[in-house]
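What follows is the residue order along each chain.
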Amino acid sequence: MVAPLEGIRVLEVANWVAAPSCAALMADMGADVVKVEPPGGDALRGIVEQPPVESFPGNLTFELDNRGKRSIVIDMQRPAGGELVCRLAAGVEVFVTNLTQPRAERFGLTFEQLRRVNPQVVYSVFTGYGTSGPDAARRGFDFTSFWAHSGIQSVLGEPPSPPPLCRRSQGDHTSALNLLAATLAALRLREVTGEAQRCEVALQRTGMWTIAGDVQRALVTGEQPPRHDRVHPSNPIFNSYPTSDDRWVMLAMAQTDRYWGRFCQMLERVDWAERYPDFDSLLAGAQELAPEIERRFREHDLAYWGARLDEFDLTWAPVAELPEVVRSPQLRHQGAFAAVAHPAREDFETIAAPFSIDGADVHVRGRAPEPGEHSHEVLRDFGLGGEEIADLAAAGTLG
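Residues numbered from 1 in each chain as written. Predicted model: local features only at pLDDT ≥ 70, side-chain atom pairs only at ≥ 80, totals over all residues. Heavy atoms only, no water.

Draft legend 1. Seen up close, the sheet that holds strand 9 (residues 316–318). With antiparallel pairing, the 3 strands of this open sheet are ordered in space as 7-8-9. Sheet topology places strand 7 (240–242) and strand 9 at the edges, where each strand pairs with a single neighbour. Across the sheet, the mean angle from the axis of one strand to that of its neighbour is 20 degrees, orientation sign disregarded. Sheet analysis places strand 8 (residues 248–251) next to strand 9, joined by 3 bridges and oriented antiparallel. Bridge assignment links Val249 to a residue of strand 9, and that residue is Pro318. Packed onto the sheet, helix 15 (residues 302–311) meets strand 8 and strand 9 and runs at close to 160 degrees relative to strand 9. (Pairing = 2+ DSSP bridges. Helix = DSSP H or I, 4+ residues; strand = E, 2+ residues; numbered from the N terminus. Axes fitted to C-alpha atoms, helices over the stretch in contact; angles between N-to-C directions. Contact = heavy atoms within 4.5 Å.)

Draft legend 2. Looking closely at the side chain of Thr61. Mapped onto the elements, Thr61 comes out in helix 2 (residues 60–65). The buried category is assigned to Thr61, whose relative accessible area is 9%. Discounting residues that sit within four places of it in the chain, Thr61 has contacts with Val17, Leu44, Glu49, Arg168 and Ser169. (Buried < 20%, exposed > 50% of the residue type's maximum accessible area, 1.4 Å probe, protein only.)

Draft legend 3. Up close: the pattern of salt bridges. Here the structure, examined in full by the defined rule, presents 30 salt bridges. Residue Lys69 pairs with Glu12 through a salt bridge whose shortest N-O separation is 2.4 Å. Separated by 57 residues along the polypeptide, Lys69 in the loop between helix 2 and strand 3 (70–73) and Glu12 in strand 1 (residues 9–13) bring together distant segments of the chain. You can call Lys69 buried: its relative accessible area is 4%. On the accessibility criterion, Glu12 (0% relative accessible area) is buried. Several salt bridges share partner residues, and in doing so they unite Arg9, Asp32, Arg70, Glu377 and Asp381 into one network. (Salt bridge = Lys/Arg side-chain N within 4 Å of Asp/Glu carboxyl O.)

Draft legend 4. Focus on the packing of helix 1 (residues 18–28) against helix 8 (residues 170–193). Two elements in contact, helix 1 and helix 8, have axes whose closest approach is 8 Å; the angle formed by their N-to-C orientations is 55 degrees. Judged by the inter-axis angle, helix 1 sits oblique to helix 8. Every pair of crossing elements has a handedness; the one defined by helix 1 and helix 8 is right-handed. From helix 1, Ala18, Ala19, Ser21, Cys22, Leu25 and Met26 reach across to helix 8, where they touch Asp172, His173, Ala176, Leu177, Leu179, Leu180 and Thr183. Grouping the constituent residues of the contact of helix 1 with helix 8 by class yields 9 nonpolar, 3 polar and 1 charged. (Parallel < 35°, antiparallel > 145°, perpendicular 65-115°, else oblique. Left-handed = near helix turned anticlockwise from the far one by under 90°. Nonpolar A, V, L, I, M, F, W, Y, C, P; charged D, E, K, R; others polar.)

Draft legend 5. Structural detail: the nonpolar core. Ranked by internal contacts, the top residues of the largest apolar core, which has 34 residues, are Leu5, Val10, Met26, Ala31, Val94, Phe126 and Leu179. Of all the secondary structure elements, the ones that give two or more residues to this core are helix 1, strand 4 (94–97), strand 5 (122–127), helix 6 (142–148), helix 7 (152–155), helix 8 and strand 6 (197–202). Broken down by element, the residue count for this core peaks at 7 residues, all from helix 1. For Met26, the contacting residues outside a window of four places in its chain are Leu5, Val10, Ala31, Val94, Leu180 and Thr183. Residues Ala104, Tyr123, Leu379 and Leu384 belong to the second largest nonpolar core, which totals 31 residues. (Core = buried A, V, L, I, M, F, W, Y, C linked by side-chain atoms within 4.5 Å.)

Draft legend 6. View of the packing of aromatic side chains. Under the criterion given, the structure shown has 9 aromatic pairs. Seen in terms of ring centroids, Trp260 and Phe263 are 6.0 Å apart; in terms of plane orientation they differ by 25 degrees. Their pairing is stacked. Here Trp260 pairs with Phe263, and both are found in helix 11 (residues 256–266), just 3 residues apart, close to one helical turn. No difference in accessibility class separates Trp260 from Phe263, as the two residues are buried. Put simply, the rings of Tyr241, Trp260, Phe263, Phe297, Tyr304 and Trp305 touch in pairs and so form one group of aromatic residues. (Phe/Tyr/Trp six-rings, centres within 6.5 Å; stacked < 30°, edge-to-face > 60°.)

Draft legend 7. Highlighting the environment of Pro38. By the secondary structure assignment, Pro38 is in the loop between strand 2 (32–37) and helix 2. Judged by its relative accessible area of 39%, Pro38 is partly exposed. Separated by 23 residues in the primary sequence, Pro38 and Asn15 place their C-alpha atoms 9.5 Å from one another. Ignoring sequence-local partners within four residues, the contact set of Pro38 consists of Val73 and Ile74.

Draft legend 8. Examining the layout of surface pockets more closely. The calculated volume of the second largest pocket comes to roughly 880 Å³. At 4 residues, helix 4 (residues 101–107) tops the list of elements feeding residues into the lining of the second largest pocket. For the lining of the second largest pocket, the residue count by class is 20 nonpolar, 10 polar and 7 charged. (1 Å grid on protein atoms, 1.4 Å probe; cavity = no way out; pocket = protein on both sides within 12 Å on 5 of 7 lines; lining within 4 Å. Points joined across faces, edges and corners; volume = space filled by probe spheres on them.)

Have a look at this one:
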C-alpha cells in the first residue's frame, strides 16, 4: 500500500498540542515531519501528568501528538537560528507553525519571507483568534479561545449549574483536524497553480463551527439558545436517564412519531402512547413525563435497559466511561488504537488517526522523538556538511 503523503516533507515550528497534532496525522500518512524545538524542548514536554502515571514518566499528550516525527533543536534566539530554520523551510513542501505574527516576523519566518526562498511552500498557521483583527494579539488556548470565547461553554451544562470546563486538548485536537483539511486542500491547490499557498485555522472559529447550529440560530434571532434541561426537556426521548446501577443511557430520538410508540412498548407503558398520541401532546406533557421515565429507568440496571432498547430498535447509547471505551470491541475492530514500541519505557498503545483511506497506508509510524534526537541527521538530509553542522553546534545554534 502507498502512504498518501509519502515524499512530502513537513517542517513544524510549533509547540503545545494543536499544530503538532496536525503534523502527527501527516506523519501517520507517510510525511517526513521534522519538528523544530527550542533548547529544552517543546513546552509540553515539561507538563507533568495530573495525577501522575507511574508507568509512563513524561507527558502522554506530547507522546500522542508527536509520534513518528524527527526532532531538531535550534535556538532561534541566536542570530543564526532563524536563518537556519529558513534554510530548512526552503527544502520542504509544508511549513506548520503556531508562531505569532510578531515572532514570525522577528525570526524571518512569515509566509512572505518563506515563499521567497520556497516559491511552492504550503504555509499552515495556527492561532487562537487569527492573525489579523482586534484580537489577533490575544493569547489563546483551547480552554479560552475554543471553549469559552467561541460560545460553546455558554450553551452546555444544565441550568442552574455553572458552565462546565472542557477536557484537555478537546479544542486542540478538533482544530488539528481542521488544520489538516486546510493543509491538504492547499497542497492540492499548489499542484494546480504551481504557487505557494497559505492557510490559517483559529481555535475560536473552529469552536464556533462545532456548535454551528446554535450559532446559526443566534445569527438569525440575535438570542442565546437555551441550555438543555434534563429535568424539564422539550423532548423526553431526546434526553439522558440514570439506571439502577448509577449508569446513564442517552436517548436520541428526534423523530417522535417514528419512535414514541415503540419506546412506550419497550418501557411497558403503552398507556403513555395513548395519553400522548402525537408530537404536540408529547411536547405539552414532556415535563411531567420526564420524571416518570426516569423512575422507570431506575428500576433496572444498564445491561437490562440496553438489551431492551436494542430489542425495540431504538436510538440510544450508554454514557461510556473511558476504560470501557478503550476496551470497546467496535473500536478495536476499527483499528482505533496502535501499539508503539519505546526503547526507554514499556511498549504502550496510542490513539490511531481518526480516519482511514481504503488501500492506503495510514498508521502510527513510531514514538515521539527525544529533543534534538535527529538534529545532525536532519541537517545532513537537508544538504549541510559536517563542518558547517559542527560550527552551528559550537556556536550554540544547534542543540
